Amino acid sequence: MADCAIHQSLSEVSGVRLHDGDENIILNPNFDDGLDNWSGRGGCKILLHESMDDGKILPLDGGKYFASATERTQSWNGIQQDITGRVQRKLAYEVTATVRIFGKATTTAEVRATLYVQTPNGRDQYIGIGKLQASDKDWVQLQGKFLINGVASKAVIFIEGPPVDTDILLNSLVVKHAEKSSPSTPPDFENVLYGVNVIQNSNLVDDSDGLSGWFPLGPCKLSVANNGAPRVLPSMASDSLGTHEPLNGRYILVTDRTQTWMGPAQTITDKLQLHVTYQVSAWVRLGPKRNGPQNVNVALGVDSQWVNGGQVEVNDQRWYEIGGSFRIETQPSRVMVYVQGPSSGVDLMVAGLQIFPVDRKARFKHLKKLTDKVRKRDVVLKISGSDGDSTPLGSFVKVRQMKNSFPFGSCVMRTNIDNEDFVDFFVKNFNWAVFGNELKWYWTEPQQGTLNYADADELLDLCKKNGMEARGHCIFWEVENAVQSWVRSLNTNDLTTAVQNRLNGLLTRYKDQFSHYDVNNEMLHGSFYQDRLGKDIRANMFKTANQLDPAAALFVNDYNVESAADIRATPDSYIEQILGLQDQGAPVGGIGLQGHVSTPVGPVISSALDKLGILGLPIWFTEVDVSAANEYVRADDLEVMLREAYAHPAVEGIMLWGFWELFMSRDNAHLVNAEGDLNEAGRRYLKLMQEWLSHGHGKLDEQGEFKFRGFHGTYSIEIITLTKKISQTFTVEKGDSPLVVNISL
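Just so it is clear, the structure is predicted and the values come from calculations on it, not from any experiment.

Caption draft 1: Region of the structure containing the sheet that holds strand β16 (residues 294–302). Spatial ordering of the open sheet is given by β11-β14-β19-β16-β17, a layout of 5 strands whose pairing is antiparallel. This sheet does not close on itself; its edge strands, each paired only once, are β11 (215–217) and β17 (305–314). If you compare each strand with its neighbour and ignore which way they point, the axes differ by 25° on average. In terms of strand pairing, β11 meets strand β14 (residues 263–267) through 3 bridges, oriented antiparallel. Paired with Leu217 across the bridge in β14 is Gly263.

Listed below in structure tokens is the structure:
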């Protein structure tokens, strides 16, 4: 947390009132004093200008000067200022840089603001602050935030990014203590009609042609067929809506389609409420002229933005279920829903399209009952005297659960552990860890033969000191842009050798220290190693890893499988991949679902879990985060993910992909604000952790027994008689039969 005494001490030294939140720590920020305090990074030159390009480029807002970084030979060359001593650890800073570019061959390019930090022990850190596409036409504002976790012996902020031979122009730079965000207002859901379809004439009976409310998107043709569609709701909608009148068998037939986006559409602008989560459901089918698998998608045009409401890959002439969800965060001018996707010339059939608000609280009641069955066990405490005598009647018993044994973990990065506030929250509220980057190959061997295990070692040491187990993420990453350049450049023989060296080096060093490994990350979305080394390489990675570290469970790990929004990553395709690996002898020990979900809907999540559960492998949510600007909506999303996972018998662990602002991969996903303040999502997480602890008290019965049903985990018991007080601990493991705990006084 921020400390006012520390702020005052710093202001006395630097003359900057950081705690006021309105003082710029950049010296000479508008170049009024020329280039004083500024320099070129990496040997490039910086120049001062009143104008450029024959007067076409002028300082902004009546300023006198701007600066340029020129003669750049590396993308990281740019203009910089040393801010050592003027920036304080554990404080959040907001940055605004007014920039543009200038070059003969480049009209647009990415410009980045970056902070270089050197720690007292010589460790170099680069913190990305913000980035945008800048042009040679106008000045634009590059904005972002940063926080330094540990002590900085040196801190330099710089502007970088465009290709070489492109000048970076800087009009001004502001770095100041970030103001705390105002708390979100809870959305008003009082008048939401849960379960009511917003689609007009979804049963296709209004008007003589049955198409009232519908229109064709593009010059395709719509007609209504009176029979032939399913008469039952799709399963995911049925789980949300419960008892519901059957469908009538009618469907829209779309013909004369000449573009993939053509299909039936409706305007639903006035029927949607902000911040409400809507579930999407429909039956779809294709005509016989399709050529190979076809993607069918329920899409929403929200003003100029495309929103995915769910999609499915159609392979034959059956009816297929589409399920998905969406949410509108800001008031739109127009919202149109339409069904699209198949190739031109392919007829499309749509039946029973439903878009309805999801009653999350009703779903939570159902999940609490499931959780009670799956995560609790009956316990009988049998209390006897020291010599087997009966315990005096009326003895009082207090039972308190100290720890839930279910794995609730989080991502942690090396830079985080320099912040004692982060570490305190981490070790108190999680029992498992996964490293954000520090075990990935591009981190441990950024250049061939240059190994860096120091960061992973320090993180693993923190876990050991606090009794936390750790997942190894990841040995390989199948997506090509996540593979470091030196690996991509290897020929087949050298790549084979490098893969074997990676396996030997990592798993020998850390044998028996990681409980899990994600062997080859995101194999549904990438094929780098398989394309270069053949179809057996994936199974061989599993086999070799198992030989080197037999105690570790070896996982597949991928994203979007649980979201119904990605035809590359469906439960069926994941099952097919896993079975294929097993057929090749790969010892697959677990299924990883990353859990980067937007607008989660319980039945969509649980449907994926049900399908994957038939494999009999443990399922872990490995990288859960949810993103919403309103922290109450974010809290609701997080609660959906946690409750669905914890209530499902196939799920054996849940890992969050971080919790601290500025150290997460998605914006508006944090539970704790940058300077340590808990937001509503964080409070909701802690509330659930308390809900999933069991406590009880009462008197012993006539048989000297005390019975309760509690969550799996570690308990303390206190027995109070007329003459003594006895304390003891015991553990409730998983089990179907009642656990009998004998306690002798």
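Right, picking up where we left off after that structure.
Caption draft 2: Just the nonpolar core, in detail. By size, the foremost hydrophobic cluster in this structure holds 110 residues, and its most contacted members are Leu381, Tyr517, Tyr529, Phe621 and Phe730. Ranked by size, the runner-up nonpolar core spans 38 residues in total, among them Leu211, Met262, Val314 and Ile322.

Caption draft 3: Summary view of the pairing of strand β15 (residues 277–286). Of all 10 residues in β15, 9 are buried; the element is thus mostly enclosed. As defined by bridge partners, β15 adjoins strand β18 (residues 320–327) across 8 bridges and the pair is classed as antiparallel. If you follow Val280 over to β18, its bridge partner there is Gly324.

Caption draft 4: Broad picture of the pattern of salt bridges. Scanning the entire structure with this criterion turns up 42 salt bridges. The partner of Asp421 in a salt bridge is Lys90, with the nearest N and O atoms 3.2 Å apart. On the criterion of sequence distance, the pair formed by Asp421 in helix α4 (residues 420–429) and Lys90 in the loop between β4 (78–82) and β5 (92–102) is long-range, its members being 331 residues apart. Owing to a relative accessible area of 24%, Asp421 belongs among the partly exposed residues under this scheme. Residue Asp677 is joined to Lys180 by a salt bridge in which the shortest nitrogen-to-oxygen separation is 2.8 Å. One end of the pair, Asp677, is in the loop between β30 (651–656) and α14 (680–691); the other, Lys180, is in the loop between β10 (167–177) and β11, with 497 residues separating them in the sequence. A relative accessible area of 26% means that Asp677 is categorised as partly exposed. On the accessibility criterion, Lys180 (55% relative accessible area) is exposed. If you follow the salt bridges from partner to partner, you end up with Glu631, Asp636, Glu639, Arg643, Glu680, Arg683, Arg684 and Glu691 in one network.

Caption draft 5: Examining the sheet that holds strand β2 (residues 45–49) more closely. Taken together, 5 strands build an open sheet; the order of strands is β2-β3-β10-β5-β8 and the sheet is antiparallel. The open sheet is flanked by β2 and β8 (140–147), the only strands paired with a single partner. Across the sheet, the axes of successive neighbouring strands diverge by a mean angle of 35°, strand direction being ignored. Relative to β8, β5 runs antiparallel, the two sharing 8 bridges. If you follow Thr96 over to β8, its bridge partner there is Gln143.

Caption draft 6: Up close: a positive patch on the surface. The grouping of Lys365, Lys368, Lys369, Lys373 and Lys687 at the surface amounts to a positive patch. Among the elements that make up the positive patch, the one with the highest residue count is helix α3 (residues 360–375) (4 residues). Looking at where Lys687 falls in the secondary structure, it is placed in helix α14.

Caption draft 7: Quick peek at the packing of helix α8 (residues 492–509) against helix α10 (residues 537–548). Where α8 contacts α10, the two axes come as close as 10 Å, and the packing angle between them is 30°. Here α8 lies roughly parallel to α10, going by the angle between them. Crossing hand, α8 versus α10: right-handed. For the pair formed by α8 and α10, the contact residues are Val499, Gln500, Leu503, Asn504, Leu507 and Thr508 on the first element and Ile537, Met541, Thr544, Ala545 and Leu548 on the second. Class assignment of the residues belonging to the contact of α8 with α10 gives a composition of 7 nonpolar, 4 polar and no charged.

Caption draft 8: Representation of α8 within the structure. Its 18 residues give α8 an end-to-end C-alpha distance of 26 Å, which sits within 8% of 26 Å, the value for a rise of 1.5 Å per residue. Within the sequence span of α8, burial applies to Leu495, Ala498, Val499, Arg502, Leu503, Leu506 and Leu507. Projected onto a plane normal to the axis of α8, the buried residues spread over an arc of 135° and lie on a single side. With respect to the buried face of α8, the exposed residues turned more than 90 degrees away are Asn493 and Thr508. The secondary structure elements touched by the buried residues of α8 are α5 (441–444), β25 (469–477), α7 (485–488), β26 (516–521), α9 (528–533) and α10. Between the side-chain oxygen at the start of α8 and the backbone nitrogen of Asn493 there is a gap of 3.2 Å, and the oxygen is on Asn491.

Caption draft 9: Expanded view of the confidence of the model for the chain. Residue-level pLDDT values for the chain average 94, and 96% of them are 70 or greater. Note that pLDDT drops below 50 for residues 1–21; the model gives that stretch 30 contacts with residues more than four away or on any other chain.

Caption draft 10: Examining unusual backbone geometry more closely. That bond from His473 to Cys474 is cis: its omega, -10°, falls within 30 degrees of zero. In this structure, Cys474 sits in strand β25. Residues other than glycine seldom take positive phi values, yet Glu522 does so here, at roughly 60°. When its relative accessible area of 8% is taken as the criterion, Glu522 is described as buried. In this structure, Asn668 takes a positive phi of about 55° despite not being glycine. Take Asn668: it is sitting in the loop between β30 and α14. Residue class for Asn668 comes out partly exposed when judged on its relative accessible area of 35%.

Caption draft 11: Molecular detail of the packing of aromatic side chains. The final tally for this structure, using the stated rule, is 35 aromatic pairs. Each ring, one from Phe408 and one from Trp692, has its centre 5.7 Å from the other, and the planes form 10°; the classification is stacked. One end of the pair, Phe408, is in strand β23 (residues 408–412); the other, Trp692, is in the loop between α14 and β31 (695–699), with 284 residues separating them in the sequence. In this structure, Phe408 and Trp692 share a single accessibility class: buried. When the centroid spacing of 5.4 Å and the interplanar angle of 65° are considered together, the rings of Phe476 and Tyr529 count as edge-to-face.

Caption draft 12: Main features of α10. Compared with an ideal rise of 1.5 Å per residue, which puts 12 residues at 16 Å, α10 spans 16 Å between its outermost C-alpha atoms and is within 8% of the ideal. Along α10, the residues classified as buried are Ile537, Arg538, Ala539, Met541, Phe542, Thr544 and Ala545. Looking at the buried side of α10, the elements it contacts are β25, α8, β26, α9, β27 (553–558) and α11 (571–583).

Caption draft 13: Structural context of the pairing of β17. The element β17 is extensively covered by neighbouring structure, given that 7 of its 10 residues are classed as buried. Where β16 and β17 come together, 8 bridges link them in antiparallel fashion. The residue bridging Asn297 from the neighbouring strand is Gln311, located in β17. Remark: 2 residues form the turn of the hairpin made by β16 and β17, two consecutive strands paired antiparallel; Asp303 in that turn has positive phi of roughly 55°.

Rules behind the numbers
Residues numbered from 1 in each chain as written. Predicted model: local features only at pLDDT ≥ 70, side-chain atom pairs only at ≥ 80, totals over all residues. Heavy atoms only, no water. Pairing = 2+ DSSP bridges. Helix = DSSP H or I, 4+ residues; strand = E, 2+ residues; numbered from the N terminus. Axes fitted to C-alpha atoms, helices over the stretch in contact; angles between N-to-C directions. Core = buried A, V, L, I, M, F, W, Y, C linked by side-chain atoms within 4.5 Å. Buried < 20%, exposed > 50% of the residue type's maximum accessible area, 1.4 Å probe, protein only. Salt bridge = Lys/Arg side-chain N within 4 Å of Asp/Glu carboxyl O. Patch = residues over 30% accessible without salt bridge, like charges linked within 9 Å, V, L, I, M, F, W, Y side chains within 5 Å. Areas by Shrake-Rupley, 256 points an atom, 1.4 Å probe, with all protein chains shown as cover. Lys, Arg positive; Asp, Glu negative; His and termini not counted. Charge placed at Lys NZ, Arg CZ, Asp CG, Glu CD. Parallel < 35°, antiparallel > 145°, perpendicular 65-115°, else oblique. Left-handed = near helix turned anticlockwise from the far one by under 90°. Contact = heavy atoms within 4.5 Å. Nonpolar A, V, L, I, M, F, W, Y, C, P; charged D, E, K, R; others polar. Expected span 1.5 Å × (residues − 1). Arc of directions from axis to C-beta. Polar contact = N/O pair within 3.5 Å; in protein donor to acceptor, adjacent residues only side chain to side chain. pLDDT = per-residue confidence, 0-100. Phe/Tyr/Trp six-rings, centres within 6.5 Å; stacked < 30°, edge-to-face > 60°.

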